[in-house]
Amino acid sequence: MKGVLVTGGGKRLGAAIARHLGAKGRHVFVHHHGSSDGARQVVADIMAAGGEASSVQADLGDAAAVARLYAECEAICPVELLVNNASSFVYDTAASATAETLDAHMRVNLFAPVLLTQKLHAALTARGAQGVAINIVDNKVFGLNPDYFSYTLTKVALQGMIQMQAMAMAPTLRVAGIAPGITLISGLQTEAEFDRSHRNNPMGMGCTPEQILNAVDFILASPAYHGQTMVIDGGQVLQRRPRDVVFLEKGKPAP
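Residues numbered from 1 in each chain as written. Predicted model: local features only at pLDDT ≥ 70, side-chain atom pairs only at ≥ 80, totals over all residues. Heavy atoms only, no water.

Enquirer: Quick question: what am I supposed to make of the packing of helix α4 (residues 99-127) against helix α5 (residues 149-169) here?
Expert: Between two packed helices, the angle of one axis relative to the other and the distance separating the axes together describe the packing. Packing of α4 against α5 leaves a shortest axis separation of 9 Å and a crossing angle of 15 degrees. In terms of axis orientation, α4 runs roughly parallel to α5. By crossing handedness, the relation of α4 to α5 is classed as right-handed. Between α4 and α5, the contacting residues are Thr101, Leu102, His105, Met106, Asn109, Leu110, Pro113, Val114, Thr117, Gln118 and His121 on the first element and Ser150, Tyr151, Leu153, Thr154, Ala157, Leu158, Met161, Gln165 and Met169 on the second. Here the residues of the contact of α4 with α5 are counted per class, giving eleven nonpolar, nine polar and no charged. (Axes fitted to C-alpha atoms, helices over the stretch in contact; angles between N-to-C directions. Helix = DSSP H or I, 4+ residues; strand = E, 2+ residues; numbered from the N terminus. Parallel < 35°, antiparallel > 145°, perpendicular 65-115°, else oblique. Left-handed = near helix turned anticlockwise from the far one by under 90°. Contact = heavy atoms within 4.5 Å. Nonpolar A, V, L, I, M, F, W, Y, C, P; charged D, E, K, R; others polar.)

Enquirer: What am I meant to see in the pairing of strand β5 (residues 131-136) here?
Expert: Note on strand geometry: in a regular strand, side chains alternate between the two faces of the sheet. By the criterion of burial, β5 is predominantly enclosed, with six of the six residues buried. Residues Gly131, Ala133 and Asn135 point to one face of β5 and Val132, Ile134 and Ile136 to the other, with burial holding for every one of them. As judged from the four bridges shared by strand β4 (residues 79-84) and β5, these two strands associate in the parallel manner. Paired with valine 83 across the bridge in β5 is isoleucine 134. (Buried < 20%, exposed > 50% of the residue type's maximum accessible area, 1.4 Å probe, protein only. Pairing = 2+ DSSP bridges.)

Enquirer: How should the sheet that holds β5 be read in this particular structure?
Expert: Strand-to-strand pairing in sheets goes through backbone hydrogen bonds, with the strands running parallel or antiparallel. The strand order β3-β2-β1-β4-β5-β6-β7 describes an open sheet built from seven strands, whose pairing is parallel. Looking along the sheet, the strands with just one partner apiece sit at the ends: β3 (52-57) and β7 (229-232). With direction set aside, neighbouring strand axes in the sheet form an average angle of 20 degrees. Sheet topology note: the strand β2 (residues 27-32)/β3 ladder contains six bridges and is parallel. In the strand pairing of β3, valine 28 is matched with alanine 53.

Enquirer: Can you walk me through the nonpolar core in this structure?
Expert: Across soluble globular proteins, you tend to see nonpolar side chains buried next to one another. Leu5, Leu69 and Leu120 are the most contacted members of the largest nonpolar core, which has 33 residues in total. Those elements giving two or more residues to this core turn out to be α3 (63-76), β4, α4, α5 and β6 (173-180). If one sorts the elements of this core by residue count, α4 sits on top with eight residues. Those residues in contact with leucine 5, other than ones at most four positions away along the chain, are Phe29, His31, Val56, Leu69, Cys73, Val79, Leu81, Leu82, Val83 and Leu116. Formed by 30 residues, the second largest nonpolar core is a distinct cluster that contains Ala15, Leu21, Tyr225 and Ile232. (Core = buried A, V, L, I, M, F, W, Y, C linked by side-chain atoms within 4.5 Å.)

Below, the structure written as structure tokens:
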């Protein structure tokens, strides 16, 4: 059986992706940092449905821990698919960003995907095999606004990484991205605000976890899909909105 590593697989979108891939005959490595209970539940759900899974813990902000994480997975079964889903997402602005906030976001959102993809490519090369790396980006990359400044910078860099790694690592490794618009309710939102922001785009509908799972399936089923990123947001980026949608719907300043 081939393995798939899903970072941030213990909650929210990562958990949905992990469960989805667990139903497709792969051994799913459900990575978590602090969400151990959630990761164990995802593993239990996959195994209850007849699949195979393991919970793996690592602080993605620690390069040594990232290396240990990958080695732990490969020791159980060969990894052929990587989903870089985990993300640090803390509010700051162009004026308030510091070296510390930039570094913290970069380590998790960019450095870890780079290092894990390197590890996957090297392992596949050694085996004479092929694989896929899918990165969860953000539609903000294609319709920039200055909210969540450090986070957004990391996602811009992640999009660049996808294109450069795709050039460097083919044909051993296909590299692709998915850039969702608002998909799940944020801790800053009420349900009514989420519903408005979810619908406030040209199509009157937003991204859902199910659409992201469909995008994962499309990428895996399309061998020529490489170096590209799918935007799923109902056309929101076409509106070029000046603030993050969370604050536009609140009608008040960011914290």
